[in-house]
Amino acid sequence: MHKIQIISATNDKNLDLSNSIQSTLIEVIKHADKTRDLISCPDIISLESLQLPLFSFGVKTNEEVLNGLVKSILEAKIFIFCAPEYNGGVPPVLSNALTWISVQTKDWREAFNNKIALVATHSGGDGFRFLTAFRIQLEYLGVTVYSRSIAVSNSKPYDEDKVKKILANFLELIK
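Re the overall build of the protein chain
From N to C terminus, the protein chain includes 6 helices and 5 strands. The C-alpha atoms of the protein chain give 15 Å as radius of gyration, which agrees with the globular expectation for 175 residues (16 Å, within 12%). When its C-alpha atoms are laid out on the principal axes, the protein chain stretches across 45 × 35 × 25 Å. For the protein chain, with 175 residues in total, the buried portion stands at 47%. Within the protein chain, residue pairs in contact and separated by at least 24 positions form 79% of the contacts whose partners lie at least 6 positions apart. Element-wise, carbon and sulfur atoms account for 51% of the exposed surface of the protein chain, whose accessible area totals about 8,900 Å². Of note, the protein chain has its 19 positive side-chain charges centred 5 Å away from the centre of its 19 negative side-chain charges.

Description of unusual backbone geometry
Peptide bonds are mostly trans, and most non-glycine residues show a negative phi. Notably, Gln51 is not glycine yet its phi reads approximately 50°, a positive angle. Along the polypeptide, Gln51 turns up in the loop between helix H2 (47-50) and helix H3 (63-75). You can call Gln51 exposed: its relative accessible area is 67%. Non-glycine residue Asn87 carries a positive phi angle of around 50°. By relative accessible area, Asn87 is classed as exposed at 86%.

Observations regarding the pairing of strand S5 (residues 143-152)
In this structure, strand S4 (residues 115-122) lies alongside S5, joined through 7 bridges in parallel fashion. Its bridge partner lying in S5, Thr121 is registered against Ala151. For the crossover from S4 across helix H5 (residues 128-141) to S5, the handedness is right-handed.

What about the side chain of Lys3?
With respect to the element layout, Lys3 can be found in strand S1 (residues 3-8). Lys3 sits in the buried class, given a relative accessible area of 13%. If near-sequence neighbours (up to four positions away) are discounted, Lys3 is found in contact with Ser40, Asp43, Ser72, Glu75, Ala76, Lys77 and Ile78.

Things to note about the environment of Tyr158
Its place among the elements puts Tyr158 in the loop between S5 and helix H6 (160-171). Tyr158 sits in the partly exposed class, given a relative accessible area of 25%. Residues Tyr158 and Leu17 lie 141 residues apart in sequence; the distance between their C-alpha atoms is 7.9 Å. For Tyr158, the contacting residues outside a window of four places in its chain are Leu17, Ser20, Ile21, Thr24, Val152 and Val163. Of note is the side chain of Tyr158, whose polar atom sits 3.2 Å from the backbone oxygen of Ser20. Separated by 2.7 Å, the side chains of Tyr158 and Thr24 make a polar contact.

Examining H5
Counted at 1.5 Å a residue, the expected span for H5 with its 14 residues is 20 Å, and the 20 Å between its end C-alpha atoms agrees. Those residues of H5 that are buried are in contact with strand S3 (76-82), helix H4 (92-104), S4 and S5. Remark: Gly142 follows H5 within two positions and exhibits a positive phi of approximately 105°.

Structural notes on the packing of aromatic side chains
To describe a pair of aromatic rings, one takes the distance between the centres and the angle between the planes. What the rule picks out here adds up to 8 aromatic pairs. Consider the rings of Phe81 and Phe134, whose centres lie 5.0 Å apart with planes at 75°: the pair is edge-to-face. Of the two residues, Phe81 is situated in strand S3 and Phe134 in helix H5; the sequence distance between them amounts to 53 residues. Neither residue differs from the other here; Phe81 and Phe134 are each classed as buried. In this structure, Arg109 is placed above the aromatic ring of Tyr140, and the distance from its NZ or CZ to the ring centre is 4.7 Å.

Rules of the game
- Residues numbered from 1 in each chain as written.
- Predicted model: local features only at pLDDT ≥ 70, side-chain atom pairs only at ≥ 80, totals over all residues.
- Heavy atoms only, no water.
- Helix = DSSP H or I, 4+ residues; strand = E, 2+ residues; numbered from the N terminus.
- Rg over C-alpha atoms; globule rule 2.2 N^0.38 Å.
- Buried < 20%, exposed > 50% of the residue type's maximum accessible area, 1.4 Å probe, protein only.
- Contact = heavy atoms within 4.5 Å.
- Areas by Shrake-Rupley, 256 points an atom, 1.4 Å probe, with all protein chains shown as cover.
- Lys, Arg positive; Asp, Glu negative; His and termini not counted.
- Charge placed at Lys NZ, Arg CZ, Asp CG, Glu CD.
- Pairing = 2+ DSSP bridges.
- Right-handed = clockwise from strand over helix to strand, strands pointing away.
- Polar contact = N/O pair within 3.5 Å; in protein donor to acceptor, adjacent residues only side chain to side chain.
- Expected span 1.5 Å × (residues − 1).
- Phe/Tyr/Trp six-rings, centres within 6.5 Å; stacked < 30°, edge-to-face > 60°.
- Lys NZ or Arg CZ within 6 Å of the ring centre and 35° of its normal.

Structure below.
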């Protein structure tokens with residue numbers, strides 16, 4: 001059974017987006033004949049809640065929290081990342097978490113190689129720069145990133161029907 005891990009960079013609108021995607025995904029999984037038995041119910045991790053310190057060699061963090069995060073990422077086969085665009089790029093909390101994960105594994109790509117991801121954003125604008133930059137970063141880590149994304153903003157609300165279609169097509173990648 002494949003584990004889906006939803007990761008929210010922040011505790012505000014992107015956590016709300018993560019919760020909406022989780023609810024929609026559970027509904028899509030129930031109706032997916034082909035993949036229903038292949039996927040476990042998705043969990044959500046809020047990176048902001050973990051309060052990881054800024055990574056630097058020699059800096060210590062709560063080992064229990066970090067080990068729990070790494071375990072969740074290693075066990076997941078499928079990721080859905082929800083994060084805002086910060087200053088035209090990836091929010092620091094997300095890059096920082098990826099760094100902590102990569103240094104906690106034997107091979108820095110171990111947690112990401114041969115996995116698939118969908119990237120979503122709730123941003124002040126269209127979030128395009130985040131979506132592009134983070135796609136490049138994930139691909140560098142060895143993740144296959146789905147070509148579609150979910151973008152929500154104050155002027156473009158969550159469209160459940162559209163998200164259902166995106167998620168149903170995304171699940172088709174699962175073997």
